[in-house]
Amino acid sequence: MERYQKKVIIKDLHKKMVLLAGPRQTGKTTLAKEIAKEFKSFIYLTYDRSEDRKIISNESWLTSVELIIFDEIHKMPNWKNYLKGVYDTKQPHQKILVTGSARLEIFNQVGDSLAGRFFLHRLLPLSPSECDKVNVIYTLDRFIERGGFPEPFLDQDPIDANRWRSQYIESILNIDVLDFENIHNLKAMRLVFELLRERVGSPISYTSIAEDVAVSASTVKKYIEILEALYIVFRITPFSKNIARSLLKEPKIYFFDVGLVKGDQGAKFENLVAVCLLKHVLAKKDYFAENYTLNYLHTKERQEVDFALVCDEKIEKIIEVKNSSNSISNPLLYFHEKYQFQAIQAVKELKHEKKEKGIEIISGLKLLQSLFL
């Protein structure tokens, strides 16, 4: 299947270097090689192969090559300065595509060697909206059961999909994490990972997890930041601007792979919505430079709404996710009436859509199909 972002990335390659980041096995390498077919010649170099590292170090590719693809180059010491040098001295006809399974953008917070030289694209798991755009058949239940990673999602055999996920978990904890940072207590890291799988959709207390794992709260926070940097989990924080007494700061943690969630159908559906909303937000940033964020609402009085789409620090709409309930969520109604926010309740098992007290009650699938990507 062809990913929706392909044409946009090719267009951007003619302007600047492109950094293509995202979770492991979302299809970055496949997409990069599909993009390469649009050029007369290309070279694919991964920092994980010793032979390629020599070519990278010596810059010993042909000057005639049109597209240079660097994979996992962020593992190279001083990689930003290296790319700056390659970009500044490349031939006029040459394009540079950089892919990686870590959050390449976080590395740019140190120094500005790549400033003005790249466009960032995030390749996330498949979503109903993207499937609609590229004509892939799906059901909402398949997304909840398999997640949106291409291999398990498209595989016809559910056993093979489960085998993929088992290997994915092991590669995350035994390879990716250790490659990223030297973890002395891998058992504690695994316990944090497992506890997060059980607490999807609930505000996370670092102190509470620390007590369960018998490590410090700062260690728990560090472990979660590593999982974030490797695109395994993402954090949604409360929105507080102009919302009186929205003082609770605990984040909610979701997984990029819905299949990792340990919980009922409601938790899995909420995680799927979170991934799709994040994909929508990042696409708005990457393609239109719009200042979107994804937050949730939570007051000291325990009034909580699952998601808030925020643009330029103003809430665009608030969204409550339900598995089957048709009755309006009291917190959703509270925030809608007090602040006049556009409010949507998305229900997975919904018989009839309706609008009640100014709040739209729609199917979860309709919400996900309405997103940009």
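**Examining the state of the cysteines**
Using the criterion set out here, one finds zero disulfides in the structure. Free cysteine: cysteine 276, not disulfide-bonded; nearest cysteine sulfur from cysteine 131 at 9.3 Å. The buried category is assigned to cysteine 276, whose relative accessible area is 2%. Here cysteine 311 is not cross-linked by a disulfide; its sulfur's nearest cysteine counterpart is in cysteine 276, at 20 Å.

**Points about the nonpolar core**
Among the nonpolar cores identified, the biggest contains 96 residues, and Phe70, Ile73 and Phe307 are the most heavily contacted of them. The biggest single contributor to this core is helix α13 (residues 265-288), with 11 residues. Dropping the residues within four chain positions of it, phenylalanine 70 is found in contact with Leu45, Ile56, Trp61, Tyr82, Leu83, Val86, Ile96, Leu97, Val98 and Thr99. If you look at the next biggest cluster of nonpolar residues, it comprises 17 residues, including Leu297, Ile318, Phe335 and Ile359.

**Describing the pattern of salt bridges**
Applying the stated criterion across every chain, the model contains 31 salt bridges. A salt bridge links aspartate 88 to arginine 117, with the nearest nitrogen and oxygen atoms 3.0 Å apart. You can see aspartate 88 sitting in helix α4 (residues 79-89) and its partner arginine 117 sitting in the loop between α5 (104-107) and β5 (118-122), a full 29 residues away along the chain. Residue arginine 117 is classed as buried on the basis of its relative accessible area, which comes to 19%. Between lysine 348 and aspartate 141 there is a salt bridge, and its shortest N-O distance comes to 2.9 Å. Here aspartate 141 lies in helix α7 (residues 140-146) and lysine 348 lies in the loop between β11 (343-347) and β12 (354-356), a separation of 207 residues in the sequence. Look at lysine 348 and you get buried, because its relative accessible area is 13%. Taken together, the salt bridges that share partners define one network made up of Lys252, Glu270, Glu304 and Asp306.

**Thoughts on the pairing of strand β10 (residues 314-322)**
Sheet topology note: the strand β9 (residues 304-311)/β10 ladder contains five bridges and is antiparallel. Residue pairing across strands places alanine 308 opposite isoleucine 318, the latter belonging to β10. If you look at the hairpin formed by β9 and β10, you'll find two residues sitting between the two strands, and aspartate 312 has a positive phi there, around 55 degrees. Direction of pairing for β10 relative to β11: parallel, over a ladder of five bridges. Considered in β11, the bridge of valine 321 is made with alanine 346. The parallel pair β10 and β11, bridged by helix α14 (residues 330-339), forms a crossover whose chirality is right-handed.

Conventions and cut-offs
Residues numbered from 1 in each chain as written. Predicted model: local features only at pLDDT ≥ 70, side-chain atom pairs only at ≥ 80, totals over all residues. Heavy atoms only, no water. Disulfide = S-S within 2.5 Å. Buried < 20%, exposed > 50% of the residue type's maximum accessible area, 1.4 Å probe, protein only. Core = buried A, V, L, I, M, F, W, Y, C linked by side-chain atoms within 4.5 Å. Helix = DSSP H or I, 4+ residues; strand = E, 2+ residues; numbered from the N terminus. Contact = heavy atoms within 4.5 Å. Salt bridge = Lys/Arg side-chain N within 4 Å of Asp/Glu carboxyl O. Pairing = 2+ DSSP bridges. Right-handed = clockwise from strand over helix to strand, strands pointing away.

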